[in-house]
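Listed below are the residues making up each chain.
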Amino acid sequence: MDKPVVGSGLLQRGRRAALGGVAGHRVWRLPADVDTEALAPGRWMKYGAEVIARHCLESLRPQFALQARPGDVIVAGANFGIGSSREQAASALVHLGIVAVVAPSYGGLFYRNAFSVGLPLLICRDAEAIADGETVSFDLERGIVRCVADAAGQQLRGPQFSCDPIPPFLLAMVRAGGLLPQLKRRLHRPAGDAPSVART
């Protein structure tokens with residue numbers, strides 16, 4: 001069964017929810033050292049983003065591409081996104097509606113590519129305390145992740161985890177939907193308009 005294409009409106013609503021600290025993001029839990037080959041398998045790289053996304057993480061979570069829904073988040077162990085520089089590793093997650101990744105550390109090239117396609121990455125040293133299937137809320141500006149429901153849907157009063165601050169220029173890139181949309185906005189900005197500054 002093919003994965004439905006996620007509409008841009010759903011993706012944008014998911015991003016706004018993440019930026020605003022809205023609750024309701026289901027967690028997909030992954031181990032440490034998830035590489036770009038798992039995110040964007042090499043044998044599918046000759047195809048477009050939609051095809052690559054159908055095979056995202058199939059070696060680790062075979063049902064991920066079919067069951068992921070807009071607004072979901074990934075919580076992983078250390079070194080998420082290590083490996084090659086393929087930008088499709090991040091764009092496949094965006095295509096499936098993933099609105100953020102939470103992990104203790106990331107591959108350097110993946111970190112850059114993710115923000116370039118509008119996918120925020122939160123560095124959280126306590127990420128492994130968050131369980132698969134839980135529901136979280138998070139605030140990118142404040143750098144906070146909070147567990148609000150367990151995998152069975154029972155409401156929780158926490159816990160709350162702190163994350164490293166995301167630089168304002170990267171938050172602005174996420175708000176714009178990625179680097180290219182941000183550049184297009186700048187090119188079409190009327191002369192004399194001041195650039196927007198992300199609040200932290």
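For the structure itself, look to the data block above.
Calculation criteria
Residues numbered from 1 in each chain as written. Predicted model: local features only at pLDDT ≥ 70, side-chain atom pairs only at ≥ 80, totals over all residues. Heavy atoms only, no water. Helix = DSSP H or I, 4+ residues; strand = E, 2+ residues; numbered from the N terminus. Contact = heavy atoms within 4.5 Å. Areas by Shrake-Rupley, 256 points an atom, 1.4 Å probe, with all protein chains shown as cover. Buried < 20%, exposed > 50% of the residue type's maximum accessible area, 1.4 Å probe, protein only. Polar contact = N/O pair within 3.5 Å; in protein donor to acceptor, adjacent residues only side chain to side chain. Phe/Tyr/Trp six-rings, centres within 6.5 Å; stacked < 30°, edge-to-face > 60°. Core = buried A, V, L, I, M, F, W, Y, C linked by side-chain atoms within 4.5 Å. Axes fitted to C-alpha atoms, helices over the stretch in contact; angles between N-to-C directions. Parallel < 35°, antiparallel > 145°, perpendicular 65-115°, else oblique. Nonpolar A, V, L, I, M, F, W, Y, C, P; charged D, E, K, R; others polar. Salt bridge = Lys/Arg side-chain N within 4 Å of Asp/Glu carboxyl O.

Draft legend 1. Representation of the overall build of the protein chain within the structure. When you go through the protein chain residue by residue, the secondary structure sums to eight helices and seven strands. Taking contacts inside the protein chain between residues at least 6 apart in sequence as the whole, the part at least 24 apart equals 66%. Within the structure as shown, the protein chain displays about 9900 Å² of accessible surface, and the carbon and sulfur contribution to it stands at 53%.

Draft legend 2. Region of the structure containing the environment of Asp35. Here Asp35 is to be found in the loop between β1 (23–29) and α2 (36–39). Note on Asp35: relative accessible area 29%, which makes it partly exposed. Within the structure, Asp35 has its side chain in polar contact with the backbone nitrogen of Ala38 (distance 2.9 Å).

Draft legend 3. Layout of the packing of aromatic side chains. For the coordinates displayed, the defined rule picks out six aromatic pairs. Taking 5.8 Å as the distance between ring centres and 45 degrees as the angle between the ring planes, the aromatic pair formed by Trp44 and Tyr47 counts as tilted. The exposure class of Trp44 is buried, given its relative accessible area of 19%. Relative to Tyr106, the ring of Phe80 has its centre 6.4 Å away and its plane inclined at 85 degrees; by these criteria the two rings are edge-to-face. Linking Phe80 in the loop between β2 (73–75) and α5 (88–95) with Tyr106 in the loop between β3 (100–103) and α6 (108–116), this pair joins segments that are 26 residues apart in sequence. Since its relative accessible area comes to 13%, Tyr106 is described here as buried. Each residue in the set Phe80, Tyr106, Phe110, Tyr111 and Phe115 is aromatic and connected to the rest through ring pairs, giving one cluster.

Draft legend 4. Quick peek at the nonpolar core. Counting 54 residues, the largest nonpolar core has Phe64, Ile74, Phe80, Leu93 and Phe110 as its most contacted members. Per element, the largest residue contribution to this core is five residues, and it comes from α5.

Draft legend 5. Inspection of the packing of helix α7 (residues 168–176) against helix α8 (residues 179–187) at higher detail. Across the interface, α7 lies against α8 with an axial gap of 7 Å and an inter-helix angle of 90 degrees. Taken together, the axes of α7 and α8 lie roughly perpendicular to each other. Of α8, the residues touching α7 (which contributes Phe169, Ala172, Met173, Arg175 and Ala176) are Leu179, Pro181, Gln182 and Arg185. Class assignment of the residues belonging to the contact of α7 with α8 gives a composition of six nonpolar, one polar and two charged.

Draft legend 6. Structural context of the pattern of salt bridges. In total, this model carries seven salt bridges according to the counting rule given. Note that Asp72 and Arg26 form a salt bridge whose closest N and O atoms lie 2.7 Å from each other. Within this pair, whereas Asp72 is found in the loop between α4 (64–67) and β2, its partner Arg26 is found in strand β1, the two being separated by 46 residues in sequence. For the pair Asp72 and Arg26, one class covers both residues: buried. With a closest N to O distance of 3.1 Å, Arg54 and Glu50 form a salt bridge. Of this pair, Arg54 and Glu50 both sit in helix α3 (residues 49–54), separated by four residues, roughly a single helical turn.

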